[in-house]
Number of protein chains: 2
Amino acid sequence: MNRREEIIAFLGRDWDHVLALIRSNLHSGVALLEETNERILSNSGKMLRPVVAMLFARMIGPVSEDSCRFAAAAEMLHNATLMHDDVADESAERRGRPTLSSLLGPGPAVLVGDYWLARAVSLISASAHRNDVIPLFARTLTDLAEGEMLQLEKAGSANTSEEDYLRIIYCKTASLFSVAAETAAISVAATPEQREASRAYGSALGIAFQIKDDILDYAGTDALGKPVGVDLKEQKITLPLLAALEGSPRENEIRAMVREIPSHPEHCDAIRAFVAERDGIAAASRRLGEWVARAEEALDVFPDGEARQMLVRIARFNMIREV
Amino acid sequence: MNRREEIIAFLGRDWDHVLALIRSNLHSGVALLEETNERILSNSGKMLRPVVAMLFARMIGPVSEDSCRFAAAAEMLHNATLMHDDVADESAERRGRPTLSSLLGPGPAVLVGDYWLARAVSLISASAHRNDVIPLFARTLTDLAEGEMLQLEKAGSANTSEEDYLRIIYCKTASLFSVAAETAAISVAATPEQREASRAYGSALGIAFQIKDDILDYAGTDALGKPVGVDLKEQKITLPLLAALEGSPRENEIRAMVREIPSHPEHCDAIRAFVAERDGIAAASRRLGEWVARAEEALDVFPDGEARQMLVRIARFNMIREV
């Protein structure tokens, strides 16, 4: 039994109920939509957001119907944005299988994403805590779109600062982890202190998670169908490069090279060599460690126990994962 | 002063407030998003959904802050789905100007659409009637996606029945008019009978509106940058063709021709000749007239007055408009 299976076994029937809620809320009388949903559900990945949400609900407890609803909604929202991101990035593969947009065209991928969004909103609007929770999910959807747009804006000018970078990855990744953890706390009537700690854990976990992804784009292998070096090709300046640029006399020169990548793709190799020379990956890994520590510290307000230990392991896993 | 200007003048400061709410709720700190929003707002079209909503709010009255919020949200949702539709249809132009997806690529068009959706949800979730209204808007977003997917599914098989057609156009077009009118009624504490009548008007108006668009695709001119004959090229079977097929011994043959359009685009001319020969447009226009009459009848429960007369005129306008 690996670590994920252990967590799923720990969550037990509550986890089954989350999966059942996702499935039943996506049900449609339109056959093409049913087939498409089935294809996405059968390639679900690790479902880390609802796992984190359910661990918070369990840790604070007792798990309620709303805990399962919000966990399901977080996963539905995540999948909706993945479908939209695949259209935006014109990605051919996701989790080693063809994307919806490469199979059926961008149109269905956009529409099915909208459908998942709409069903997530419906699911939340049936909850007892809807008045607290709907604005939080709406804020996260705003963050996701703003983060992608900010990233796009910065990609053209190559002037991303570390502050811009943190804002982008908070919006793109951490906001959804944060809302998953915070709404889990709300679902079990957590105290304000517990709610704030849940939000802080989700936020730090999400930032750590994205920093690790960005490190792997420099240091990773081509496993899981995810090629490396993609960010730089798209002129995205991420933490390994930012760390390498810090205090370097070549900063202006390197940023100018990033701006020229569309017409000079060979700059990518030179920039990667610069990052290696300046130990950018090691510096980014130290920052990753700080965010993992922040996630762990946020858990201090909760009593020790299996759920808390699992949340610690999930945060630390970002220090070692290779994909 | 044309008829639309007359309505806007009648709505007065309430209309200005709707426009201000749209603008203030879309405000973003991301410059690229601000520019993009500005571009869309400056090419707004007739804004028929919030116009209808505000006329209902005024007719039942008195107009409340929620009336303006829901009208603004309906327009934001409409624009979000237009951006997504333009990606889905790979449209180069909308209202005679380049679409966002043709200007900036499909990615920004999808993301800006998501942003508008998210901001619409935020706007509604600040309202006093949110518990009644959020599920209705979520249902409409579901309808929009299901309608497009059903249309896509049917396009491949060319077996669209009139029942399928009505379901598709309800989902694609009428659901949003219906929610605009019904939430306007909710915003002014309408009686259940008034609320039902508002919903019925919106629904019938939306169906009439879409039937007219489908007729113009057979009978219209290339005005306003909207070319004719597009539906058939995309294998969409709409009311003029359905009416022509009704009782025709050539039904199976014509449907087989629709299936072959991708490899035999010349079939389009033969099918259009078939529709003309069988008077399909006249038959569709009669059906349009029936839906306009239904919309008018729904208004019977309201006292006569300027707002009601304007709603009658809006419904009837579908019988005469040429674009």
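Basis of the calculations
- Residues numbered from 1 in each chain as written.
- Chains lettered and ligands numbered in written order.
- Predicted model: local features only at pLDDT ≥ 70, side-chain atom pairs only at ≥ 80, totals over all residues.
- Core = buried A, V, L, I, M, F, W, Y, C linked by C-beta atoms within 7 Å.
- Buried ≥ 20, exposed ≤ 12 C-beta atoms within 10 Å, placed from the backbone.
- Contact = placed C-beta atoms within 7 Å.
- Least-squares fit on C-alpha atoms with pLDDT ≥ 70 in both.
- Axes fitted to C-alpha atoms, helices over the stretch in contact; angles between N-to-C directions.
- Helix = DSSP H or I, 4+ residues; strand = E, 2+ residues; numbered from the N terminus.
- Left-handed = near helix turned anticlockwise from the far one by under 90°.
- Nonpolar A, V, L, I, M, F, W, Y, C, P; charged D, E, K, R; others polar.
- Parallel < 35°, antiparallel > 145°, perpendicular 65-115°, else oblique.

Another aspect to go through is the nonpolar core. Judged by nonpolar contacts, the single largest core of 213 residues is most densely connected at A53(A), A208(A), A53(B) and A208(B). In this view, A208(B) contacts L288(B), W291(B), V292(B), A295(B), A315(B) and N318(B); residues no more than four positions away in its chain are not counted.

A separate point is the relation of the copies chain B and chain A. Superposing chain B onto chain A requires a rotation of 180° together with a translation of 0.0 Å along the rotation axis, leaving an RMSD of 0.0 Å. Taken together, the rotation and translation relating the two chain copies correspond to the operation of a two-fold axis. Minimal C-alpha separation from the rotation axis in chain B is found for V110(B), amounting to 3.6 Å. When the interface residues of chain B are mapped onto chain A, 100% of them are again interface residues, pointing to one common binding face.

The next point concerns the packing of helix 13 (residues 251-259) of chain A against helix 14 (residues 267-277) of chain A. Residue and element names in this part refer to chain A. Axis separation between helix 13 and helix 14 bottoms out at 10 Å; the angle between their running directions is 145°. The interaxial crossing formed by helix 13 with helix 14 has left-handed handedness. Along its contact with helix 13, which presents I254, M257 and V258, the element helix 14 presents H267, A270, I271 and F274. Residues that form the contact of helix 13 with helix 14 fall into these classes: 6 nonpolar, 1 polar and no charged.

With that settled, the discussion passes to the environment of E148(A). Relative to the assigned elements, E148(A) resides in helix 8 (residues 130-157). C-beta crowding within 10 Å serves as the criterion here: with 27 such atoms nearby, E148(A) is assigned to the buried category. Along the chain, E148(A) and V133(A) lie 15 residues apart, while their C-alpha atoms are 23 Å from each other. When near neighbours in sequence (up to four residues on either side) are disregarded, E148(A) contacts A88(A), K172(A) and L111(B).

To continue, consider the packing of helix 2 (residues 13-26) of chain B against helix 5 (residues 65-88) of chain B. All names here are of chain B. Relative to each other, helix 2 and helix 5 sit at 55°, their axes nearing to 9 Å. The orientation of helix 2 with respect to helix 5, classified from their angle, is oblique. As for how helix 2 packs across helix 5, the hand of that crossing is right-handed. For the pair helix 2 and helix 5, contact is made by D14, H17, V18, L21, I22 and N25 and by C68, R69, A71, A72, E75 and M76, respectively. Its residues placed into classes, the contact of helix 2 with helix 5 shows 7 nonpolar, 2 polar and 3 charged.

On the chain A side, the residues contacting the 35 residues of chain B number 35 residues. Mapped by element, the contributors of at least two residues to the side of chain B that touches chain A are helix 3 (31-41), helix 5, helix 7 (106-125) and helix 8 (130-157) of chain B. By residue class, the composition of the side of chain B that touches chain A is 23 nonpolar, 6 polar and 6 charged.

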